[in-house]
Protein chains: 2
Amino acid sequence: MGQQDTLFVASLEKGLRVLEVFRNQRENLGITDIAHATGFDKSTAQRFTTTLHRLGYLNRDERTRRYSPSIRLMDLAFTYSHQDRLAEIARPRLIEAGKRYNTSVNLCVLEGTDIIYTLCIPNQTASFMMTLSGRRAPALCLAEGICIIAFRRSDEIKAIVGASEITRFTEDTIINRSAIMRRIADAHSKGYGIGKGQISSDEISVAAPILDSTGVAFAAVQIPVFQPNWNLSDVESNLAPLVLDTARSLSRTLYRTT
Amino acid sequence: MGQQDTLFVASLEKGLRVLEVFRNQRENLGITDIAHATGFDKSTAQRFTTTLHRLGYLNRDERTRRYSPSIRLMDLAFTYSHQDRLAEIARPRLIEAGKRYNTSVNLCVLEGTDIIYTLCIPNQTASFMMTLSGRRAPALCLAEGICIIAFRRSDEIKAIVGASEITRFTEDTIINRSAIMRRIADAHSKGYGIGKGQISSDEISVAAPILDSTGVAFAAVQIPVFQPNWNLSDVESNLAPLVLDTARSLSRTLYRTT
DNA sequence: CTTATAATATCATAAATTAATATAAAAAAC
DNA sequence: GTTTTTTATATTAATTTATGATATTATAAG
């Protein structure tokens, strides 16, 4: 419609899009970089970047005149995380689960076609990136994504699979949509998802969904382990029951019918 | 100046102020709540709240028509945290430090007159709130705040103390500015800060600053322990050397002169 | 040193935001 | 259950703000 949507504040969207640009970058960005990444005119990029800096959400390197995300973004995360009841309840249980075989254990949710990790209980060897909550990855490549999607209504499953951009991470990444659908069906029948070499060639991942009172999944418990320390058979024997038990205990605590 | 600052986008500020309102709330907020908390006209509150919802940063409860922070805020935090080199380097060292006496160990930075926790390595008994990065607290009440401030230039120290709103948390919270200045001087001479019963009546906190190559502090390593499991004397004997060693090792890794 | 690129600053215009107001829905009081 | 109050939603003319073209300055690259 040509007429303005008077309830939508496009300037706010633009500012947030500038912030979002930084999440895919490692290095600091100049005004021109931001203009390119957002598609904005350079004076638009200048105004929004300068405003975010003045509000404290971006840092500016005086020498290079480049910008980087500010710690003030952690404030916004806290806004969400201090109300995250699932993470609060899950935390001690994930810690217990992690002790069993000395593994990392993560809690994650489906957000669009991605998985976001909301609580990471890393083991000693976990890389820094793997310890960060807020990390995103495409759901269809992940055991945890597959097992959440497997416990959604079939129209939603089709919609998510249809909307997903399929990304190949390794030689073994399953990218065929039919094979992905079979993988989803398999997770539904087993009650958990398992994947090997989907995101990195040495990773084996197992996950079980957390279900609400209607049997619909929105979150999962996941354990990543690595070859050659673990093989598929041992993961299936030892870790699958562990994620299942942990997820089920969370489902019962949160959503049991009274 | 009456004339417009044409480089500043006030609409973006307003939108971010709406988000910021939620960080001090536990319960969901309606349009009227947001209008009150921000001072905006209710149609302004409506437009910005609706826009944040449409962009995915707020969730809306259809039944109550109230809003809450969305997990998408974790995206923004990740934007910051995946570039946090100090946290990346510090993480294994804080884990090691925590093993010594089975305590939580935190990394924090000064932000304005507050401390923000950027990395929390909780022990088994840590409360959920204490496990959350992004959490803020007033610097002058905290051993970690005091010890960072103690290693700033004296003009900055005066400015921070002057700008701080003094909050009393317990009967023992030091609120007298002269006493606070003595506490800062004490932290400077000892090289670490220590506090008992400042934030909660049973807490003892000890922290050491991380210094850059000029000897200026911007971050600290902190250990919180609780009475009656710990007393001041044992904290001073056992935990103060531990935070000092950990902080010094980080200072050397990050900022040693070549 | 010169040229190219990026950043910064300015301003007339178009577009967006404001807040007053009307209407609808829900909550609270009776 | 009804009435009143409060909150939410929707609309719009007036006012303010954001846009992008352009000029200027600064820095990087050759």
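So, how was this worked out
- Residues numbered from 1 in each chain as written.
- Chains lettered and ligands numbered in written order.
- Predicted model: local features only at pLDDT ≥ 70, side-chain atom pairs only at ≥ 80, totals over all residues.
- Heavy atoms only, no water.
- Contact = heavy atoms within 4.5 Å.
- Buried area = accessible area lost by both parts, 1.4 Å probe.
- Salt bridge = Lys/Arg side-chain N within 4 Å of Asp/Glu carboxyl O.
- Pairing = 2+ DSSP bridges.
- Helix = DSSP H or I, 4+ residues; strand = E, 2+ residues; numbered from the N terminus.
- Axes fitted to C-alpha atoms, helices over the stretch in contact; angles between N-to-C directions.
- Left-handed = near helix turned anticlockwise from the far one by under 90°.
- Nonpolar A, V, L, I, M, F, W, Y, C, P; charged D, E, K, R; others polar.
- Least-squares fit on C-alpha atoms with pLDDT ≥ 70 in both.

Chemist: If you had to explain the interface of chain A and chain B to someone new, which residues and values would you point to?
Modeler: The partner chain B presents 63 residues to the 63 residues of chain A that form the contact. For chain A, the biggest contributors to the area lost against chain B are Ile71, Met74 and Phe128 of chain A; these three give 12% of the whole. If you look at where chain A meets chain B, you find 8 salt bridges. Here Asp75 of chain B makes a salt bridge to Arg136 of chain A, at a shortest N to O gap of 2.8 Å.

Chemist: If you had to explain the sheet that holds strand S3 (residues 105–111) of chain A to someone new, which residues and values would you point to?
Modeler: Residue and element names in this part refer to chain A. If you walk across this open sheet you meet the 6 strands as S5-S4-S3-S8-S7-S6, and the pairing is antiparallel. Both edges of this open sheet fall to strand S5 (136–138) and strand S6 (193–196), since each of them pairs with a single strand only. Neighbour-to-neighbour, the strand axes of this sheet turn through a mean angle of 30°, independent of strand direction. As paired strands, S3 and strand S4 (residues 114–121) are joined by 7 bridges and run antiparallel to one another. What sits directly across from Leu107, in S4, is Leu119.

Chemist: Before we move on, can you summarise the packing of helix H4 (residues 72–81) of chain A against helix H4 (residues 72–81) of chain B with the specific residues and values?
Modeler: Two elements in contact, H4 of chain A and H4 of chain B, have axes separated by 8 Å at closest approach and are oriented at 145°. Considering how the two elements wind past one another, H4 of chain A and H4 of chain B form a crossing that is left-handed. Between H4 of chain A and H4 of chain B, the contacting residues are Leu73, Met74, Leu76, Ala77, Thr79, Tyr80 and Ser81 of chain A on the first element and Leu73, Met74, Leu76, Ala77, Thr79, Tyr80 and Ser81 of chain B on the second. Across the contact of H4 of chain A with H4 of chain B, the residue classes break down as 10 nonpolar, 4 polar and no charged.

Chemist: An account of the relation of the copies chain A and chain B is needed here, citing residue identities and associated values.
Modeler: Mapping chain A onto chain B calls for a screw motion: a turn of 180° about the axis and a shift of 0.0 Å along it, with 0.0 Å RMSD after fitting. What the rotation and shift describe, once combined, is the action of a two-fold rotation axis. Using C-alpha coordinates, one finds that chain A approaches the rotation axis most closely at Leu12 of chain A, a distance of 2.3 Å. Of the residues that chain A buries at the interface, 100% are likewise interface residues in chain B, meaning the two copies contact each other through the same surface.

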